[in-house]
Amino acid sequence: MLMNKAFTAEMKKLLEVKQTELVAQLKDVGRHSAHDARGFEADFPDYGNKDDENASEVATFSDNLSLERTLERTLEDVTAALERVAKGTYGQCRYCGQEIDGRRLRARPESGSCVQCKAKQLKKK
Ligand SMILES: [Zn+2]
């Protein structure tokens, strides 16, 4: 059974807002990757060439890098969810095909699996 249209439309709006925010945040921490049109690279800051300056450059770079990766992963999930909206499969668990709980989707509109399957996936790791 598929999600009702009003709910899907509401989630689509949330996802689009989230997507815009993520892209803006990614532009803040990095620039578009030259090697990968979809990807972003973290900026490597240039504070100077003294040892302590180099050390803080590296620290800022790894902060940017992990933030950038988190943002990029979330953006991928959001984009995939919007694709499911377009295909009409939004709200279905990608593992068991059951409808995902509406409250879960409201909290995290990019969710692609139901709570039970998510728990199973986490246990496997
Ligand atoms: Zn499931």
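Numbering of residues starts from 1 in each chain and follows the order in which that chain's sequence is written. Given that this is a predicted model, residues contribute local features only at a pLDDT of at least 70 and side-chain atom pairs are listed and counted only at 80 or more, while totals for whole chains, interfaces and linings are drawn from all residues.

**So, the overall build of the chain**
(1) Moving on: What counts as a helix is a DSSP run of H or I of at least four residues, what counts as a strand is a run of E of at least two, and both are numbered from the N terminus. The secondary structure content of the chain amounts to four helices and two strands.
(2) Moving on: Ordered by position from the N terminus, the helices and strands of the chain form the series α-β-β-α-α-α.
(3) Moving on: Whether a residue is buried, exposed or partly exposed follows from its count of other C-beta atoms within 10 Å of its own C-beta, namely 20 or more, 12 or fewer, or something in between, respectively; the C-beta atoms are built from the backbone. Evaluated residue by residue, the chain yields a buried proportion of 19% over its 125 residues.
(4) Moving on: Residue pairs are scored as contacts if the distance between their C-beta atoms, which are placed from the backbone, is within 7 Å. Within the chain, residue pairs in contact and separated by at least 24 positions form 51% of the contacts whose partners lie at least 6 positions apart.

**Quick notes on helix α2 (residues 51-87)**
(1) Moving on: Counted at 1.5 Å a residue, the expected span for α2 with its 37 residues is 54 Å, and the 53 Å between its end C-alpha atoms agrees.
(2) Moving on: All of the buried residues along α2 are Glu68, Leu71, Leu75, Val78, Ala81 and Arg84.
(3) Moving on: Remark: glycine 88 follows α2 within two positions and exhibits a positive phi of approximately 85°. Multiply 1.5 Å by the residue count of a helix minus one, and that product is the helix's expected span.

**Focus: the packing of helix α1 (residues 5-29) against α2**
(1) Moving on: Angles run from 0 to 180 degrees between N-to-C directions of axes, and those axes are lines fitted to C-alpha atoms, restricted for helices to the stretch in contact. α2 packs onto α1 with a crossing angle of 155° between their chain directions and a minimal axis gap of 9 Å. With respect to their mutual orientation, α1 and α2 come out roughly antiparallel. Like other packed secondary-structure pairs, α1 and α2 cross with a definite hand, here left-handed. Contact residues: Thr8, Lys12, Leu15, Lys18, Gln19, Leu22, Val23, Gln25, Leu26 and Val29 in α1; Asn64, Leu67, Glu68, Leu71, Glu72, Thr74, Leu75, Val78, Thr79, Ala81, Leu82 and Val85 in α2. Should an angle fall under 35 degrees it is taken as roughly parallel, and over 145 as roughly antiparallel, whereas 65 to 115 is taken as roughly perpendicular and any remaining angle as oblique. Left-handed is the label given to a crossing in which the near helix is rotated counterclockwise from the far helix by less than a right angle, and right-handed is the label when the rotation is clockwise.

**Describing the nonpolar core**
(1) Moving on: Only buried Ala, Val, Leu, Ile, Met, Phe, Trp, Tyr and Cys residues enter a nonpolar core, and they are joined through C-beta atoms within 7 Å. With 13 residues, the main nonpolar core has Leu22, Leu26, Leu75 and Val78 as its most contacted residues.
(2) Moving on: Sorting the residues of this core by element identifies α1 and α2 as the ones contributing at least two each.
(3) Moving on: With five residues, the single largest contributor to this core is α1.

**Topic: α1**
(1) Moving on: Under the 1.5 Å per step criterion, the end-to-end length of α1 is 36 Å for 25 residues, consistent within 8% with the ideal 36 Å.
(2) Moving on: When α1 is considered as a whole, its buried residues turn out to be Met11, Leu15, Leu22, Leu26 and Val29.

**Describing the confidence of the model for the chain**
(1) Moving on: On average, residues of the chain score 86 in pLDDT, and 86% of them reach the 70 mark or higher.
(2) Moving on: For every residue, the predictor assigns a confidence score, pLDDT, that lies between 0 and 100. Per-element confidence in the chain is highest for helix α3 (residues 102-107), whose mean pLDDT is 94, and lowest for strand β1 (residues 30-32), whose mean pLDDT is 61.

**Considering the environment of threonine 8**
(1) Moving on: Mapped onto the fold, threonine 8 is located in helix α1.
(2) Moving on: By C-beta crowding, threonine 8 is classed as partly exposed, having 17 other C-beta atoms within 10 Å.
(3) Moving on: A sequence separation of 97 residues divides threonine 8 from leucine 105, and the C-alpha atoms of the two residues are 9.8 Å apart.

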